[in-house]
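Observations on the three-dimensional arrangement
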Amino acid sequence: MSTKLTHSDEILIRRCLQLAANAAGLTFPNPVVGCVIVYNDKIIGEGWHKKAGEAHAEVAAIQNVVDKSLLKKATVYVSLEPCSHFGKTPPCVDLLIQHQIKKVVVGTLDPNPLVAGKGIAKLKAAGIDVIVGCLELSCQISNKRFFTFHKKKRPYIVLKWAESADGFMAPLPEIRTKNTVFWLSDSFSQQIVHQLRSHEHGILIGAKTLIDDNPKLNVRHWFGTDPMPFVLATPESIPKRHFLSINKRINYLYNKDKKKLTTGDIITSLHKKNIQSVLIEGGLNVLQQFIEANLWDEIYNFRTPRNLKAGIEAPSISQQPDQKIKLMKDTLFYFKNKAAELDTNHQDNASAYL
């Protein structure tokens, strides 16, 4: 049995990652996974997990193989360890064993305790040649939300805000129109924000932002699934006329004694609700609280050429941005929390996600 990885193996796992990326933001609470099946150096089937409750990547790939008799001589490439437990669908390892797959190349182990090596062990026990660890870091990064949730017992945390050239994120309350969103960034930047929203499981704001802006917190300017909205408030503190209240999309986070929630309280609560990632959009107090606690993974800071001269100051961060990306009128300053990375030698490229 072969135990060495080749350049061809890496190429095929990269293809798995390409396939997996098709479902970004659509599979929560499941990971994104891609699968490629090869026989005689040719791809005979491929697929990806498209949505929670639907066919897993391995199942989709096998379904796309025209001649199923070839599976006994085929190699299956998959970006994440095949599942070995019953969830909304049967275990993928059972299907691979059923078709007597010859060899399986796995990008990385599944951190979920329900799997965590059990799938690999079951495949090997069935006599299947298994290699684990092909482009392992890239496969983990493709599921950074899933890995953070299971390994660090918290959601993956993304902070986002826009600010003026002179460092304000909103005008003074007395000079803005009540209950309407104040836009600093241009329409292109707003579209990017909605793209960012489509990648995350949840979205979080403070009570003041909800009351002042009456936001929708959806992805109406992009494609994908709306993140689950959370607000740091009690139900009785939010006007019933607000959009999220009317549409019953809102989830409240608060202490029973109504004391201010700490960052730890917030993250623990979201983790208990099985939220794998959260986009925190403000306002200032909430954002600064997470920055000072160094409890964040990525920051997307949109800076506009507009000057407000006065208003609510933008959050401050001492770290220099990892990237500056010129958009249309705005500039995106991207920050990566090195201390929170899955591997401190790896650097994400913000432009790859835009």
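Notes on the structure in this doc start here. (Residues numbered from 1 in each chain as written. Predicted model: local features only at pLDDT ≥ 70, side-chain atom pairs only at ≥ 80, totals over all residues. Heavy atoms only, no water.)

**Points about the packing of aromatic side chains**
Within a pair of aromatic rings, the relevant descriptors are the distance that separates the centres and the angle that separates the planes. Selection rule: Centres within 6.5 Å are what make two rings of Phe, Tyr or Trp a pair, Trp counting through its six-membered ring; a difference in plane orientation under 30 degrees is then read as stacked, over 60 as edge-to-face, and the rest as tilted. Note on criteria: charge over ring means Lys NZ or Arg CZ within 6 Å of the ring centre, with the direction from the centre no more than 35 degrees off the ring normal.
Inspection of every chain in the model, using the stated rule, returns 3 aromatic pairs. The ring of F243 carries the charged tip of K216 above its face, separated from the ring centre by 5.1 Å.

**Digging into the sheet that holds strand β14 (residues 323–326)**
Condition: Two strands qualify as a pair provided DSSP detects at least 2 bridges between them. Only DSSP runs of H or I covering at least 4 residues are called helices, and only runs of E covering at least 2 are called strands; the numbering of each starts at the N terminus. Whether two residues are in contact is decided by their heavy atoms, any of which lying within 4.5 Å being enough. The angle between two axes is taken between their N-to-C directions and runs from 0 to 180 degrees, where each axis is a line fitted to C-alpha atoms and a helix contributes only its stretch in contact.
Strand order in this open sheet of 8 strands is β10-β9-β8-β11-β6-β12-β15-β14, and the pairing throughout is mixed. Every other strand in the sheet has two partners, leaving β10 (251–252) and β14 as the edge strands with one partner each. Summarising the sheet, strand β6 (residues 156–163) and strand β12 (residues 298–303) pair through 6 bridges and their orientation is parallel. Bridged to L159 within β12 is I299. Each of β6, β8 (202–206), β9 (228–232), β11 (277–282) and β12 touches helix α11 (residues 284–292); the most contacted strand, β6, lies at about 130 degrees to it.

**Structural notes on the side chain of E200**
What counts, and what does not: Polar contact is the term for a pair of N or O atoms within 3.5 Å; when the atoms are in protein, one must be able to donate a hydrogen and the other to accept it, and sequence-neighboring residues count only if both atoms are side-chain atoms.
Along the chain, E200 turns up in the loop between α7 (187–199) and β8. Within polar-contact distance, the side chain of E200 engages the side chain of S277 at 2.7 Å. When sequence neighbours within four positions are dropped, the list of residues in contact with E200 reads F28, R145, V158, P227, S277 and L279.

**Structural notes on the state of the cysteines**
The following threshold applies: By definition, disulfides here are pairs of cysteine sulfur atoms that lie within 2.5 Å. Partly exposed describes any residue whose relative accessible area lies between the buried limit of under 20% and the exposed limit of over 50%, with all areas from a 1.4 Å probe on protein chains only and scaled to the type maximum.
Using the criterion set out here, one finds 0 disulfides in the structure. C16 forms no disulfide, and the closest cysteine sulfur to it belongs to C35, at a distance of 5.9 Å. With no disulfide partner, C134 has as its closest neighbouring cysteine sulfur the one in C139, 7.0 Å distant. On the accessibility criterion, C134 (1% relative accessible area) is buried.

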